[in-house]
Amino acid sequence: YRSSFEQAAVGVCHTAPDGTFLRCNARFAVIIGYTQDEIPGLSFHKITPPEDLAKSEALWQQMLSGTTESATLEKRYIRKDGSLTWVNVTVSTQRDSEGHALHFIAVVEDINARKESEGRLAKTAEALRKSEERYRTVFQASLDPIGICRLEDGKFIDVNEAFLKTMVFAREDVIGQTALE
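This text gives an overview of the structure that appears in the document. The structure displayed is predicted, hence computed values, not measured ones.

Comments concerning the packing of aromatic side chains
- The final tally for this structure, using the stated rule, is six aromatic pairs.
- One aromatic cluster in this structure is built from Phe-21, Phe-28 and Tyr-77.
- The ring of Trp-86 has Lys-115 sitting right over it, with the charged end atom 4.3 Å from the ring centre.

Written out as structure tokens, the structure reads:
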């Protein structure tokens, strides 16, 4: 058990019902930037950003009351140096024979790389949306007739208003047709 606890590739910690960390493995210490010896006595309240605390506290209360026995959430921790780190935490309740919460076991995975990728993807998607918006504006506002055809079969996939006015066609008469039809 101790070997599995200490050598796990994810952070593992045991937490008292009041939110105080009882013990943790080395990986958890690395994730939050403390030494293993500094963690017992800290609480999840201290390392959770104030704006995120209500969500964590509500989940904690559900687990204490027995409404839920385990939960998974993405959250941020405040590292010892003050920086924020993203984690995915899965917590389960360990109860005594009378159903009282003895402690909680949390498995903590560092998800900073994934969050950074999601952020880059969101920025790329926004840049693409803006580029598409600019293209649409230029395409539709152009006074020159513009028709866009697929290379493989020459069928029109889009035309601008100037094209329709010049050729005296309705959009539905052009889209899907070739210039030869």
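Some words on unusual backbone geometry
- One non-glycine residue, Val-168, lies in positive phi territory at about 55°.
- Here Val-168 falls in the exposed class, since its relative accessible area comes to 69%.

Some details on the pairing of strand 3 (residues 70–78)
- Pairing between strand 3 and strand 4 (residues 84–95): nine bridges, direction antiparallel. Looking at strand 4, one finds that Arg-76 is bridged to Trp-86.
- If you look at the hairpin formed by strand 3 and strand 4, you'll find five residues sitting between the two strands, and Gly-82 has a positive phi there, around 95°.

Points about the sheet that holds strand 5 (residues 101–110)
- Judged by pairing direction, the sheet is antiparallel, and its five strands sit side by side in the order 2-1-5-4-3 without closing on themselves. With partners counted over all chains shown, the strands left at the sheet margins are strand 2 (21–24) and strand 3, one partner each. For this sheet, the mean inter-axis angle between neighbouring strands, taken without regard to orientation, is 30°.
- Bridge count between strand 4 and strand 5: nine bridges; the pairing is antiparallel. Note on strand 5: the bridge partner recorded for Gln-94 is His-103.

As for the nonpolar core
- Judged by nonpolar contacts, the single largest core of 25 residues is most densely connected at Phe-21, Phe-28, Ile-32, Ile-39, Tyr-77, Val-89 and Val-108.
- Listed by contribution, the elements that provide at least two residues to this core are strand 2, helix 2 (26–32), helix 3 (50–65), strand 3, strand 4 and strand 5.
- Non-local contacts of Phe-21, meaning those with residues more than four positions away in its chain, are made with Cys-13, His-14, Thr-15, Phe-28, Ile-39, Pro-40, Gly-41, Leu-42, Ser-43, Phe-44 and Ile-47.
- In terms of nonpolar packing, the next biggest core, distinct from the first, is built from five residues, Phe-156, Val-159, Phe-163 and Val-174 among them.

Cut-off values and rules
Numbering of residues begins from 1 in every chain and follows the order in which that chain's sequence is written. The predicted origin of the model limits local features to residues at a pLDDT of at least 70 and limits the giving and counting of side-chain atom pairs to 80 or more, whereas totals for whole chains, interfaces and linings rest on all residues. Excluded from the side-chain calculations are hydrogens and water; all other atoms, namely the structure's heavy atoms, are used. Whether two aromatic rings pair depends on their centres lying within 6.5 Å, for rings of Phe, Tyr and Trp, where Trp uses its six-membered ring; planes under 30 degrees apart make the pair stacked, over 60 edge-to-face, and the rest tilted. Criterion for a charge above a ring: Arg CZ or Lys NZ at most 6 Å from the ring centre, at most 35 degrees from the ring normal. Exposure is judged per residue with a 1.4 Å probe applied to protein chains only, and the accessible area is read against the type maximum: over 50% gives exposed, under 20% gives buried, and values in between give partly exposed. Strands qualify as paired when DSSP identifies two bridges or more between them. A helix here means a DSSP run of H or I that spans at least four residues, while a strand means a run of E at least two residues long, and both kinds are numbered starting from the N terminus. For helices, the fitted axis covers only the stretch in contact; all axes are lines through C-alpha atoms, and the angles between them, taken along N-to-C directions, range from 0 to 180 degrees. Here the nonpolar core consists of buried residues drawn from Ala, Val, Leu, Ile, Met, Phe, Trp, Tyr and Cys, with membership extended through side-chain atoms lying within 4.5 Å. Working rule for contacts: check all heavy atoms of both residues, and any pair within 4.5 Å makes them a contact.

Geometry only, nothing functional implied.
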